[in-house]
Amino acid sequence: MSNGSKERNPFRSSSKRRRRNDAGGHALFAFFTYFVLACTAYIFLDIAVKGAPVVFKAEAPFVNLGFIFNNPETLVVFKDGNGEKVRMAMSDFSEFKKANPEAVITDEHTFSYCAGGIWGPLVGTALLVGICMVIALFAGVASAIFLNEYARHGRFMNTIRLAIMNLAGVPSIVFGLFGLGVFCLWPWLPVLTYEPSGNAVATFAIPFTDGFLSFQGWGTSMIAGGCTLAIMVLPVIIAACEESLKAVPMGFREAAMALGATKWQAIRTAVLPYAKPGILTASILGITRVAGETAPIMFTAALAHKAGLPWAEAKGGGLFWVSDFFTQSVQALPYHIYTVSARIPRSEDTEPMQNGSVFVFLLLVMAFAALSISMRARYRKKLKW
Amino acid sequence: MNDIDLDPVPAATGDDAIPVPDEPASETIIEIENLGFSYDHGKTETLQGISLEIPKNMVTAFIGPSGCGKSTLLRCLNRMNDLIDTAKVTRGTIKILGQDIHAPDVDAIELRKHVGMVFQKYNPFPKSIYENVAYGLRIQGVQKKSTLNEAVERALVQSALWEEVKDRLADSALGLSGGQQQRLCIARAIAVQPQIVLMDEPCSALDPIATARIEDLITELCENYTIVIVTHNMQQATRVSARTAFFYLGELIEYAATDKIFVKPDKKQTEDYVSGRFG
């Protein structure tokens, strides 16, 4: 119905200003979104560009195995007779000096932990995360089952639930101090040892061995760090488990109960199997979170440097070995990154270690996140109801 | 469907007199007496003094508008309401097979083995067809393969599903159609050989053809099982049940032979409801 251009378009915009505002809002929101994205991308790219040359190399096996599988060492930088700058790990440097006693060494500098690799911190982080996840999963799944399946929904339970959720917002340094007080310094935690410390509040000789059951606290140790991390990640795990349990249809519980299952049987056979994927993916995300925490392990578990790997350092046999293994302090990747970045002056000599460590860490976290996402996608396909 | 065998009205009452079907002809299996039930610690009663007797090996239908308490009553019969924290029986008794089911020495778990239940929304587990049917026996500790096989086959035959699924027992139950899934749930319920099967609107999520199959199945099953069915569909009540109870606002308005409820009810409210004037 074209009645000529004079005819007023009934759908013409009534207010230019309104349209302008709408477009402006759109642009503003888009700008901030892309800004955040750009910042993140810049950080990741920067780490990748600087870190990749440290971790990867051009020829087979394409990965700088020395960087992954060696322990951190002190880096020595000096100028040789020709005025050329030379970088060496401390162990190589002493051999070099022994082999060439007459070599001219000038302008010598040392940088702690900046040579070698990150094997010790990697192993330590894996152990800490492992201990943490074992404890957190057991306690977390158990509490989530209690909260979601057994607890009555009264004011008291709601308060407890709220308290647990609030724990997730507590700064990690607070958990660190808590862990220090409880797991490291509190003397009533038992260890098995051949030489009880002077702080022990009670020691019992164990018959047929030279050892003692000594209540002397765990000290700075991987078990203390693991427990601290576990307590820190518990609220996250509990919340995720509760969500997964809630997502299982009520009908499954009812069907099981109507067939004469006890409550626990119903939970075990008709609820947990279908909540498991959610629990697993949440725990993997929990892993990435605790793996990156520095503050809680700073006081409770981590060491800047340790010569040997944990299993080589543990002494004794049988249960004594186990006790000694878990009560030794470890290196940890986030703490290592903190040390090499914040304690060592930043220079072109120290940068490879700094960037390489961060890059490996980033890769690990991304790998776990990818694992979690792919697992969720796979289970979603399998479990539909 | 007005099968004369299903009519429990005693013949002795005479031809012209309105039959008074207070006493079912067959043996009573469930006796409910003056039952009061509350969802909120007894503040308000959802069921207000219900008394009725349900005959053995027959289909009894509960009808009534939404919120009238028919599903609540059904779930009282196997104590499924125990799962709700705030719910409680405020007065009266339910006797099943002569035993008060709220007696302190009654284990609700044991009770539920005898009183099975089929739910409104079919809810097979995301497991194989076989494992779904075997579930009840497995949790009761049956491990012998031959016993399980036998029970699964019998339950599937009884629930008229065997011919359709016998070649794919290991397939996921979720691959079945809605009607098949509901029949699978019936098979799962009867695999543990309960005496009573409670059905809470078993066809409300199904299309008419699947509904017809379930109704045929219910009619067949009542040879071996006592069936109590809650339904919104009045035609369904006339098609499958021998006796019908009409509830309104938590009260039992009328309980009689299905024919009587639908043809010549005593109460005005019943007549209004079954003739579709309200509800």
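Residues numbered from 1 in each chain as written. Chains lettered and ligands numbered in written order. Predicted model: local features only at pLDDT ≥ 70, side-chain atom pairs only at ≥ 80, totals over all residues. Heavy atoms only, no water.

1. What about the overall build of chain B?
For the record, the criterion: Secondary structure elements are taken from DSSP: a helix is a run of H or I of four residues or more, a strand is a run of E of two residues or more, and numbering for both begins at the N terminus. The classification of residues rests on relative accessible area computed with a 1.4 Å probe and restricted to protein chains. Under 20% of the type maximum is buried, over 50% is exposed, and intermediate values are partly exposed. Every residue pair with non-hydrogen atoms within 4.5 Å of one another is taken to be in contact. When charges are counted, Lys and Arg contribute as positive and Asp and Glu as negative, whereas His and the chain ends are disregarded. Each charge is placed at NZ for Lys, CZ for Arg, CG for Asp and CD for Glu.
The helix and strand tally for chain B stands at ten helices and ten strands. Counting only C-alpha atoms, chain B reaches 55 × 40 × 35 Å along its principal axes. Within chain B, buried positions represent 51% of all 279 residues. For chain B, the proportion of contacts with a sequence separation of at least 24, taken over those separated by at least 6, is 69%. Counting 28 positive and 39 negative side-chain charges, chain B places the centres of these two groups 6 Å from one another.

2. Let's talk about the domain arrangement of chain A
All names here are of chain A. The cut-off we apply is this: Segmentation of the chain into domains, including their bounds, is taken from an automatic or database domain assignment. When two components associate, each loses some accessible surface as probed by a 1.4 Å sphere; the sum of these losses over both components is called the buried area.
Here the domain parsing of chain A yields domain 1 (14-55), domain 2 (73-116) and domain 3 (119-382). Measuring from the centre of the C-alpha atoms in domain 2 to the corresponding centre in domain 3 gives 40 Å. Between domain 2 and domain 3, the contact holds ten residues from the first and twelve residues from the second. With both sides pooled, the region where domain 2 packs onto domain 3 buries about 880 Å², and carbon together with sulfur makes up 65% of that total.

3. What to know about the interface of chain A and chain B
Note the cut-off: A pairing counts as a salt bridge when a side-chain nitrogen of Lys or Arg comes within 4 Å of a carboxyl oxygen of Asp or Glu. Under the rule applied, a polar contact is a pair of N or O atoms within 3.5 Å (in protein, one hydrogen donor and one hydrogen acceptor; residues adjacent in sequence only if both atoms are side-chain atoms).
Counting residues at the interface gives 22 residues for chain A, matched by 25 residues for chain B. When chain A packs against chain B, the two sides together hide about 1,900 Å² of surface, and 64% of this comes from carbon and sulfur. Contact with chain B buries area across many residues of chain A, yet E254, A258 and L259 of chain A alone supply 33% of it, more than any other trio. In this assembly, chain A and chain B are joined by one salt bridge. Salt-bridge contacts for E254 of chain A lead to R75 of chain B; the nearest nitrogen and oxygen are separated by 2.5 Å. Counting across the interface, chain A meets chain B through five residue pairs in polar contact (both at pLDDT 80 or more).

4. Considerations on the packing of aromatic side chains
Filter applied, for reference: By convention, a stacked pair of Phe, Tyr or Trp rings (six-membered ring in the case of Trp) has centres within 6.5 Å and planes under 30 degrees apart, an edge-to-face pair has planes over 60 apart, and any other such pair is tilted. Only Lys NZ and Arg CZ are tested; either one counts as a charge over a ring when it is within 6 Å of the ring centre and within 35 degrees of the ring normal.
The full count for this structure, using the stated rule, is 20 aromatic pairs over all chains. Where F178 of chain A meets F183 of chain A, the ring centres are 6.2 Å apart and the plane angle is 90°; that geometry is what we call edge-to-face. With relative accessibility at 38%, the residue F178 of chain A sits in the partly exposed group. Since its relative accessible area comes to 11%, F183 of chain A is described here as buried. Among the aromatic residues, those joined into a ring-pair cluster are F252 and Y274 of chain A together with F125 and Y135 of chain B. The ring of Y122 of chain B has K121 of chain B sitting right over it, with the charged end atom 3.7 Å from the ring centre.

5. Considerations on the pairing of strand β3 (residues 59-63) of chain B
All names here are of chain B. Operational definition: Two strands form a pair only when DSSP identifies at least two bridges running between them.
Within β3, five of the five residues are buried, leaving the element largely enclosed by the surrounding structure. Because side chains alternate across β3, one face comprises the buried residues V59, A61 and I63, and the other comprises T60 and F62, equally buried. With four bridges joining them, β3 and strand β8 (residues 226-230) adopt parallel strand pairing. Across the sheet, residue T60 finds its bridge partner in β8, namely V228. Where β3 meets strand β9 (residues 243-248), four bridges bridge the pair, whose relative direction is parallel. Residue pairing in the sheet places T60 in a bridge with R243 of β9.

6. Quick word on the nonpolar core
Nonpolar side chains in soluble globular proteins tend to end up buried together. Keep this limit in mind: Here, nonpolar core refers to any group of buried Ala, Val, Leu, Ile, Met, Phe, Trp, Tyr and Cys residues whose side-chain atoms link them within 4.5 Å.
Counting residues in each nonpolar core, the largest one holds 113 residues, and the members touching the most others are I30, F62, L73 and I94 of chain B. Among the elements that take part in this core, helix α4 (residues 119-150) of chain A stands out by supplying twelve residues, more than any other. Setting aside residues no more than four positions away along its own chain, I94 of chain B makes contact with I30, E31, I32, L35, C76, L77, Q99, D100, I101 and H102 of chain B. Core analysis: the next-biggest nonpolar cluster, separate from the first, contains 50 residues, Y130, V165, I214 and C222 of chain B among them.

7. Regarding the side chain of Q331 of chain A
All names here are of chain A. Mapping Q331 onto the fold places it in the loop between α12 (318-326) and α13 (333-343). The exposure class assigned to Q331 is buried, which follows from its relative accessible area of 4%. Polar contacts involving the side chain of Q331 include one to the main-chain carbonyl oxygen of K306, which spans 3.3 Å. Setting aside residues no more than four positions away along its own chain, Q331 makes contact with N71, P72, G120, P121, G124, T125, L303, A304, H305 and K306.

8. What about the state of the cysteines?
Formally: Here, the term disulfide refers to a pair of cysteine sulfur atoms separated by no more than 2.5 Å.
Applying the stated rule across the entire model yields zero disulfides over all chains. Its sulfur unpaired, C185 of chain B is 12 Å from the next cysteine sulfur, which belongs to C203 of chain B.

9. Concerning the confidence of the model for chain B
Residue and element names in this part refer to chain B. Worth spelling out the cut-off: Each residue carries a pLDDT value, the predictor's own confidence for that position, ranging from 0 to 100.
Taken over all residues, the pLDDT of chain B has a mean of 87, while the share at 70 or more is 91%. Per-element confidence in chain B is highest for β8, whose mean pLDDT is 95, and lowest for helix α10 (residues 268-274), whose mean pLDDT is 90. This stretch, residues 1-21, has a pLDDT under 50; its non-local contacts, to residues over four places away or in other chains, come to 26 contacts. If you check the scores for this complex, the pTM reads 0.81 and the ipTM reads 0.83.

10. Re the sheet that holds strand β3 (residues 106-116) of chain A
Residues and elements named next belong to chain A. Basically, it comes down to this: To obtain an axis, a line is fitted to C-alpha atoms, over the contacting stretch when the element is a helix, and the angle between two such axes runs from 0 to 180 degrees between their N-to-C directions.
Reading across the sheet, the three strands line up as β2-β1-β3 and stay open at both edges, with antiparallel pairing between neighbours. Among the strands making up the open sheet, the edge pair consists of β2 (85-89) and β3. Taking the axes of each pair of neighbouring strands and ignoring which way they run, one obtains an average angle of 20° across the sheet. Direction of pairing for strand β1 (residues 72-79) relative to β2: antiparallel, over a ladder of five bridges. When the bridges of β2 are listed, F78 appears paired with V86. Along the sheet face, helix α3 (residues 90-99) touches β1, β2 and β3 and points at about 110° away from the line of β2.

11. Side note on the layout of surface pockets
Definition in use: Points on a 1 Å grid over protein atoms alone make up a cavity when a 1.4 Å probe fits among them but cannot get out, and a pocket when they form an open set with protein on both sides within 12 Å along at least five of seven lines; lining residues each have an atom within 4 Å of a point. Grid points are joined across faces, edges and corners, and a volume is the space filled by probe spheres set on the points. Note that Gly is not counted as nonpolar here; it falls among the polar residues with everything else outside the nonpolar set of Ala, Val, Leu, Ile, Met, Phe, Trp, Tyr, Cys and Pro and the charged set of Asp, Glu, Lys and Arg.
Approximately 590 Å³ is the volume attributed to the largest pocket. Around the largest pocket, the lining is made up of 23 residues, and of these E149, M250 and K263 of chain A together with L83 and D85 of chain B lie nearest the centre. Looking at the lining of the largest pocket residue by residue, the classes come out as twelve nonpolar, two polar and nine charged.

12. A closer look at helix α14 (residues 351-382) of chain A
Residues and elements named next belong to chain A. Our working rule: Any helix carries an expected span of 1.5 Å times its number of residues minus one.
Taking 1.5 Å of rise per residue, the 32 residues of α14 would be expected to cover 46 Å, and the 46 Å separating its terminal C-alpha atoms lies within 8% of that figure. Among the residues making up α14, those that are buried are M353, Q354, N355, G356, S357, F359, V360, F361, L362, S372, M375 and Y379. On its buried face, α14 is in contact with α1 (16-55), α2 (65-69), β3, α4, α9 (263-291) and α13.

13. Section: the packing of helix α7 (residues 222-247) of chain A against α9 of chain A
Residues and elements named next belong to chain A. The test is simple: Two helices that cross are described as forming a left-handed crossing if the nearer one is turned anticlockwise from the farther one by less than a right angle, and a right-handed crossing if clockwise.
The contact between α7 and α9 brings their axes to 9 Å, and the two run at 150°. By crossing handedness, the relation of α7 to α9 is classed as right-handed. Where α7 approaches α9, its residues L229, M232, V233, V236, I237, A240, C241, S244 and L245 are matched on the opposing element by V271, L272, A275, G278, I279, A282, S283, G286, R289 and V290. Looking at the contact of α7 with α9 residue by residue, the classes come out as 14 nonpolar, four polar and one charged.

14. A closer look at empty space enclosed by the protein
Summed over the entire model, instances satisfying the criterion amount to four cavities of 30 Å³ or more. Every residue lining the second largest cavity is listed: A255, A258 and L259 of chain A together with M117, V118, F119, N123, C185, R188 and A189 of chain B. Going through the elements one at a time, α8 (250-258) of chain A together with β6 (115-118) and α6 (178-191) of chain B are the ones with two or more residues in the lining of the second largest cavity. Take the lining of the second largest cavity: its biggest share by element is three residues, from α6 of chain B. Among the residues making up the lining of the second largest cavity, the classes are represented as eight nonpolar, one polar and one charged.

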